[in-house]
Amino acid sequence: MPTPSLLIVPARFKTGKLYSQIPTSGAGDFTVTRNTAARRFDSAGLIASVASGIPRLDYYTSGGVTGCPALLVEPSGTNLCLQSENFLTTWSPTNTTVSGNVTGTTDPSGGNTADQIFETATSGNHFLAQTMSIVSGTTYVGSVFYKKAAGSPDWMQVAFSTTGLAGFANFNLTSGTVGNVFAGATGRIENYGNGWYRCTLIQTATASGTSGGPIIVFTNNTNPVTRFVSYAGNTATSIYAWGAQLETGSVATSYIPTTTGQGSRSADVIS
């Protein structure tokens with residue numbers, strides 16, 4: 001068998017460089033440029049930050065922490081949500097209450113920044129949302145990390161809420177499956193370990209305006225065929241939530257944390 005001209009072993013890298021197992025010189029075979037920090041799924045099974053200019057060796061894309069990492073290369077991205085880990089601030093509750101930075105679980109990055117969202121006993125819809133501008137013809141990807149808490153339902157929903165962007169998708173947090181999805185939208189669920197699932201809704205806007213989304217929606221532990229469900233809530237019902245993201249494109253990209261402003265990630269440029 002002939003010797004390959006290029007063989008990449010992901011463990012061989014340093015800032016700004018990615019090395020081949022059969023190097024042409026000691027200078028590095030690829031130059032790596034990314035002007036911001038970015039996230040990856042590391043060998044400990046956590047979402048971790050990687051400094052600017054360092055290649056991202058991502059274990060999630062290759063099947064989890066037991067496999068060999070894959071090089072994660074993404075275009076630039078922006079998280080349009082504010083306070084992606086703090087649902088006590090710019091997020092508006094409807095028949096829900098929020099307990100911030102709970103210690104009952106670690107978040108997907110290994111810290112205690114996850115929030116616990118509870119239903120109230122009020123009859124009606126039970127959800128948490130914030131409002132963002134949308135543009136007709138643009139495809140939006142809304143995602144939230146969910147984890148079951150004590151008394152949690154199996155089913156949760158991620159939704160949008162405007163005339164031009166009114167999709168929803170239901171997710172089963174026990175089986176890790178997608179349930180009913182709005183016609184024209186796409187739902188996806190990904191297992192991030194330790195009970196955490198990233199639940200994603202993808203839809204193209206048909207009109208410009210403002211939309212709540214991604215909206216965290218309780219469904220009375222059902223797999224409804226509509227967006228939102230009206231019922232008398234139970235204060236013992238809650239869910240852990242973390243890492244809300246709204247971005248443009250056709251897939252959910254690596255998590256971009258935000259606080260008081262939108263967050264951005266520069267593109268990975270490898271040459």
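Located above this text is the structure these notes cover.
Residues numbered from 1 in each chain as written. Predicted model: local features only at pLDDT ≥ 70, side-chain atom pairs only at ≥ 80, totals over all residues. Heavy atoms only, no water.

A.B. asks: Can you walk me through the sheet that holds strand E19 (residues 186-193) in this structure?
C.D. replies: Adjacent strands of a sheet form backbone hydrogen bonds with each other and so pair up, either parallel or antiparallel. Taken together, six strands build an open sheet; the order of strands is E10-E11-E24-E15-E20-E19 and the sheet is antiparallel. What marks the edges here is a single partner per strand, and that holds for strand E10 (96-99) and E19. Across the sheet, the axes of successive neighbouring strands diverge by a mean angle of 30°, strand direction being ignored. Sheet topology places strand E11 (residues 115-119) next to strand E24 (residues 238-248); four bridges connect them, and they run antiparallel. The residue of E24 that forms the bridge with Asp115 is Ala241. (Pairing = 2+ DSSP bridges. Helix = DSSP H or I, 4+ residues; strand = E, 2+ residues; numbered from the N terminus. Axes fitted to C-alpha atoms, helices over the stretch in contact; angles between N-to-C directions.)

A.B. asks: Before we go on, may I ask you to explain the nonpolar core in this structure?
C.D. replies: General note: in soluble globular proteins, nonpolar side chains tend to be found buried as a group. Grouped together as the largest cluster of nonpolar side chains are 32 residues, with contacts concentrated most on Tyr140, Tyr146, Leu173, Cys199 and Ile216. Where this core is concerned, the elements lending two or more residues are strand E14 (131-134), strand E15 (139-148), strand E16 (155-159), strand E17 (168-172), strand E20 (196-204), strand E22 (215-218) and E24. Here this core takes four residues from E24, the largest share from any one element. Ranked by size, the runner-up nonpolar core spans 12 residues in total, among them Phe41, Tyr192, Trp196 and Tyr255. (Core = buried A, V, L, I, M, F, W, Y, C linked by side-chain atoms within 4.5 Å. Buried < 20%, exposed > 50% of the residue type's maximum accessible area, 1.4 Å probe, protein only.)

A.B. asks: Teacher, can you tell me more about the pairing of E24 here?
C.D. replies: Moving residue by residue along a regular strand, the side chains alternate between the two faces of the sheet. A large share of E24 lies buried, amounting to 10 of its 11 residues. Sheet topology note: the E15/E24 ladder contains eight bridges and is antiparallel. When the bridges of E24 are listed, Ser143 appears paired with Gln245.

A.B. asks: Explanation requested: unusual backbone geometry in the structure shown.
C.D. replies: Residues other than glycine predominantly adopt negative phi, and peptide bonds predominantly adopt the trans conformation. Looking along the chain, the bond that leaves Gly213 and enters Pro214 is cis, with omega of 0°. One can find Pro214 in the loop between strand E21 (209-212) and E22. Although it is not a glycine, Asn101 sits at a positive phi angle of roughly 50°. Along the chain, Asn101 turns up in the loop between E10 and E11. Overall, Asn101 belongs to the partly exposed group, its relative accessible area being 47%. The phi angle at Asn221 is positive, at roughly 55°, despite the residue not being glycine. Mapped onto the elements, Asn221 comes out in the loop between E22 and strand E23 (231-232).

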